[in-house]
Amino acid sequence: WPAEAVAVLLSGGVDSAVALRRLMETGARVVPFYLKVWLEDEVAHLGSCPWEDDVASAEAVCRQSGLELQTVSLQREYWERVVQYTVDEARAGRTPNPDVMCNARVKFGAFYDFIGEQLSA
């Protein structure tokens with residue numbers, strides 16, 4: 001892991017791409033990541049899945065920036081921390097908010113754990 005590097009999560013959208021480029025303009029050492037959270041087997045019956053487009057967009061941003069995109073699979077963590085929560089809340093008659101739980105439990109939870117393991121290795 002590069003010293004004083006900044007991990008940037010790329011979603012495939014404009015906001016994270018701009019954040020990456022702005023950080024690079026400051027001279028920061030940027031390490032881009034894409035979080036893979038959807039289970040391909042679970043959505044294969046739906047045909048084309050937009051995550052493939054998201055990864056392609058994130059990879060294109062990295063190529064243009066001279067960086068290598070690192071994909072981190074947090075599929076199990078997403079299922080355990082977000083999908084199961086959503087099912088449990090719906091069964092209890094409450095309205096779940098999986099987007100908030102994804103941010104709290106996966107992006108700022110499991111991903112932080114992953115980065116911590118990388119830094120201590």
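Residues numbered from 1 in each chain as written. Predicted model: local features only at pLDDT ≥ 70, side-chain atom pairs only at ≥ 80, totals over all residues. Heavy atoms only, no water.

*Asks:* What's the story with the nonpolar core in this structure? I'm lost.
*Replies:* Nonpolar side chains tend toward joint burial in soluble globular proteins. Counting residues in each nonpolar core, the largest one holds 18 residues, and the members touching the most others are F33, L35, V72, L74, Y78, V106 and F111. Going through the elements one at a time, strand 2 (29–36), helix 4 (75–91) and helix 5 (98–120) are the ones with two or more residues in this core. Here this core gets seven residues from one element, more than from any other, and that element is helix 5. Residues in contact with Y78, not counting those within four places in the same chain, are V37, W38, V83, C102 and V106. (Core = buried A, V, L, I, M, F, W, Y, C linked by side-chain atoms within 4.5 Å. Buried < 20%, exposed > 50% of the residue type's maximum accessible area, 1.4 Å probe, protein only. Helix = DSSP H or I, 4+ residues; strand = E, 2+ residues; numbered from the N terminus. Contact = heavy atoms within 4.5 Å.)

*Asks:* Is there a simple way to explain the pattern of salt bridges in this structure?
*Replies:* Note on pairing: side chains with opposite charge can pair once their charged atoms come close. Here the structure, examined in full by the defined rule, presents five salt bridges. A salt bridge links E80 to R76; the shortest N-O distance between them is 3.3 Å. Remark: R76 and E80 occur in helix 4; sequence separation between them is four residues, near one turn of the helix. For R94, the salt bridge is made with E89, and the minimal N-O distance between the two is 2.7 Å. Residue classification places R94 among the partly exposed residues on the basis of a relative accessible area of 46%. Connected through shared salt-bridge partners, R76, E77 and E80 make up one network. (Salt bridge = Lys/Arg side-chain N within 4 Å of Asp/Glu carboxyl O.)

*Asks:* Looking at this model, I keep getting lost on the packing of aromatic side chains. Mind explaining?
*Replies:* Two aromatic rings are characterised by how far apart their centres lie and by the angle between their planes. In the structure shown here, the tally under the stated rule is four aromatic pairs. With centroids separated by 5.8 Å and ring planes inclined at 75°, the aromatic side chains of F108 and Y112 adopt a geometry described as edge-to-face. Of this pair, F108 and Y112 both sit in helix 5, four residues apart, which is roughly one turn of that helix. Of the two residues, F108 and Y112, neither departs from the other in class, the shared state being exposed. For the ring pair F111 and F114, a centre distance of 6.0 Å and an interplane angle of 25° mean the geometry is stacked. Linking F111 with F114, this pair stays in helix 5, spanning three residues, or about one helical turn. F114 shares its class with F111; the two are buried. (Phe/Tyr/Trp six-rings, centres within 6.5 Å; stacked < 30°, edge-to-face > 60°.)

*Asks:* Would you explain the packing of helix 4 against helix 5 in this entry?
*Replies:* How two helices sit against one another is set out by the angle between their axes and by the gap between those axes. Where helix 4 meets helix 5, the closest approach of the two axes is 9 Å, and the angle between their N-to-C directions is 160°. As the angle between them shows, helix 4 and helix 5 are arranged roughly antiparallel. Along this stretch, helix 4 crosses helix 5, giving a crossing that reads as right-handed. Along its contact with helix 4, which presents E77, Y78, R81, V82, Y85 and T86, the element helix 5 presents P98, M101, C102, R105, V106, G109, A110 and D113. Partitioning the contact of helix 4 with helix 5 into residue classes produces eight nonpolar, two polar and four charged. (Axes fitted to C-alpha atoms, helices over the stretch in contact; angles between N-to-C directions. Parallel < 35°, antiparallel > 145°, perpendicular 65-115°, else oblique. Left-handed = near helix turned anticlockwise from the far one by under 90°. Nonpolar A, V, L, I, M, F, W, Y, C, P; charged D, E, K, R; others polar.)

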